[in-house]
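# A look at the structure
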Amino acid sequence: DDDMFSSAFCENSEKLIDVHLFALAAKYYSLSNLGVCTPLEDVLEALKGNSQGATGIKPDEFMNNKKSHEVQVMSELVDNIANYCGIKQVIDIGSGKGYLSSFLSMQYNLKVYGIDSSNSNTNGAHERNRKLKKHWRAYQSRGRGDLKTQSLGKTNDRPVETEMKSKTISEEFLNNAKSLQSRDQAIMQDLVPSCGFTEMGTFETRTETEADLVAQTKSHNGKLSEGVLDILNVLPADAVEVFSSSHCNCGELCEEEKVRRKMTSLKTKATKSSESNLYLPLTSCITAETELSDIVTDLEDCVMVGLHTCGDLAANTLRIFATKPEIKAVCSVGCCYHLLSEQFENQEVFFSLHFAECCDKVWGFPMCQYLKDNGWCCGRNARMSACLALERVAVGQMLPTESLFYRAVLQVIIEEMYGVTKSDRHVGKTFSKSSSFIDYVRRSLKKLELDDSKLPDSCIMDYYEKYKHRMNELEAFNMLKVVLAPCIEVLILLDRLCYLKEQENIAWSGLVKLFDPVKSPRCYAVIALKEQSCS
């Protein structure tokens, strides 16, 4: 309990005296130990019901291992959410180079708008998508070959399934969702004082339209003669030109055949017109007040997603989801906690200077009313620590101690030699470009626009020698920060989850561990589905 863990610190000096107990306390308050997460397998099972999920190719042939892992896991989940909600449009916030967006559109035939604040990212996404479409046919064919091999091995073991009514699937999902929800509510009540959370609503699935059934039938048709059409079911219509088979010498066409071919041609053109923008990268800065309909002109019922949305963007994604009726579900994985704005950080100075502005400002932390009422604050150092990757350190990927040491000594130099304690400029990735400590200091001073001519090499090396015996001390300190990192991340993520549970129109919300934390340290998704109104 808290009393036991408090003995890790000296009562008088408040210094750490029991490192082992400190580590145990940090583990105890981590997400993996608190039991507040809903397993991904449970979420997928609840979303799918008795339906079979789509099986396709893996993205590892055109993405690095980390990004491939993230995109494959998250895209499957987003597709299941979209299918459950009966919608085809996805809004990808902070889409970057479009890895997730392009895969969702090509693999799952979803209509995706990728919104990023950087023009260079948007242009890069356009170019990358253009190249990807060229190679997608080969990837798709190879994936189908693998799938066919797997299917042959499973044919004899697979029972014949009868057609399931949408009502049965809906009821099963409701039962699964209620089970998950009741467990989540019990856990949350233990963690946070009662805030009047009432959120479990009734789910309904939309019945499949005739067009959906036709598309589904086409996608399962494995005849070689229709291979090109199968590919077009996945690709945007403008990715592959349909070639004509009318060059055979069949004599004069009858009038009925001419009409049939004309209708087919018109349908093909209509399909191209409606599907030519299955993935469209857009440039816009997203805030909590953003009107999506001003950016996406054909906005309809949609799922909002964000894969490693930076700083306040993750919080704003949830706020937009909560307030916009068109957004039926959200799946958000945040990152860059150090860039979060905090309402109660430096509040004495801030309130005295900007009291009026403060009242209207939207903050990245805290989001939920409980933490707001208690004036919770992390501070930049704690948020920086939350970005560290404990799991990577645990498997031997050690912290860059030398670069951290360089940076620490540099700070001493600029404070003592230049009298600078704060700067809006950043050193950046200077360490990787430097050949020595002297080179590092001089490069850094230039970036900070400080005159390095007043600082001889001997003086720089004197600082290095003075502090090099403390490098082990620095490493130990940073290891303690790594151990504490999951606890700070817990606070930020539970704040976001509690915010969703305070909203009246949310049917279900939860935290789900999506990724392998060694491959992708920011591995937790905040997921929520709105109550669906009866039509």
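Further up the page is the structure itself.
Just so it is clear, the model here is predicted, and its values are computed rather than measured.

### Structural notes on the packing of aromatic side chains
Applying the stated criterion to the full structure yields twelve aromatic pairs. Between Tyr28 and Tyr29 the ring centres are 4.8 Å apart and the planes differ by 90°, which places this aromatic pair in the edge-to-face class. Tyr29 gets classed as partly exposed once you look at its relative accessible area, which sits at 31%. Plain terms: the ring middles of Tyr406 and Tyr464 are 6.5 Å apart, the flat faces sit at 80° to each other, and that makes the pair edge-to-face. Separated by 58 residues along the polypeptide, Tyr406 in helix H18 (residues 401-418) and Tyr464 in helix H20 (residues 457-467) bring together distant segments of the chain. Here the aromatic residues Phe405, Tyr406, Phe431, Phe437, Tyr440 and Tyr464 are joined through ring pairs into a cluster of three or more. One residue, Lys361, lies across the ring of Trp363, its end atom 5.1 Å from the ring centre. Seen from the ring of Tyr418, Lys454 lies directly overhead, with NZ or CZ sitting 4.7 Å from the centre.

### Description of the nonpolar core
The biggest cluster of nonpolar side chains holds 81 residues, and the ones touching the most others in it are Met74, Leu77 and Leu514. Excluding anything up to four places from it in sequence, Leu514 contacts Leu40, Val73, Met74, Leu77, Cys331, Val333, Cys523 and Ala525. The next biggest cluster of nonpolar side chains, apart from the first, holds 22 residues, and it includes Ile414, Val441, Ile460 and Tyr467.

### What to know about helix H5 (residues 65-85)
Residues three or four positions apart in an α-helix share a direction because the helix packs 3.6 residues into each turn. Over its 21 residues, H5 extends 30 Å from the first C-alpha to the last, a length consistent with the 30 Å expected when each residue adds 1.5 Å. Taking burial as the measure, the 21 residues of H5 include 15 buried ones, the bulk of the element. Trailing H5 by a residue or two, Gly86 shows a phi angle of about 70°, which is positive.

### Side note on the side chain of Ser332
Here Ser332 is to be found in strand S5 (residues 327-335). Ignoring sequence-local partners within four residues, the contact set of Ser332 consists of Gly306, Thr309, Ala314, Thr317, Leu318, Tyr524, Ala525 and Val526.

About the thresholds
- Residues numbered from 1 in each chain as written.
- Predicted model: local features only at pLDDT ≥ 70, side-chain atom pairs only at ≥ 80, totals over all residues.
- Heavy atoms only, no water.
- Phe/Tyr/Trp six-rings, centres within 6.5 Å; stacked < 30°, edge-to-face > 60°.
- Buried < 20%, exposed > 50% of the residue type's maximum accessible area, 1.4 Å probe, protein only.
- Helix = DSSP H or I, 4+ residues; strand = E, 2+ residues; numbered from the N terminus.
- Lys NZ or Arg CZ within 6 Å of the ring centre and 35° of its normal.
- Core = buried A, V, L, I, M, F, W, Y, C linked by side-chain atoms within 4.5 Å.
- Contact = heavy atoms within 4.5 Å.
- Expected span 1.5 Å × (residues − 1).

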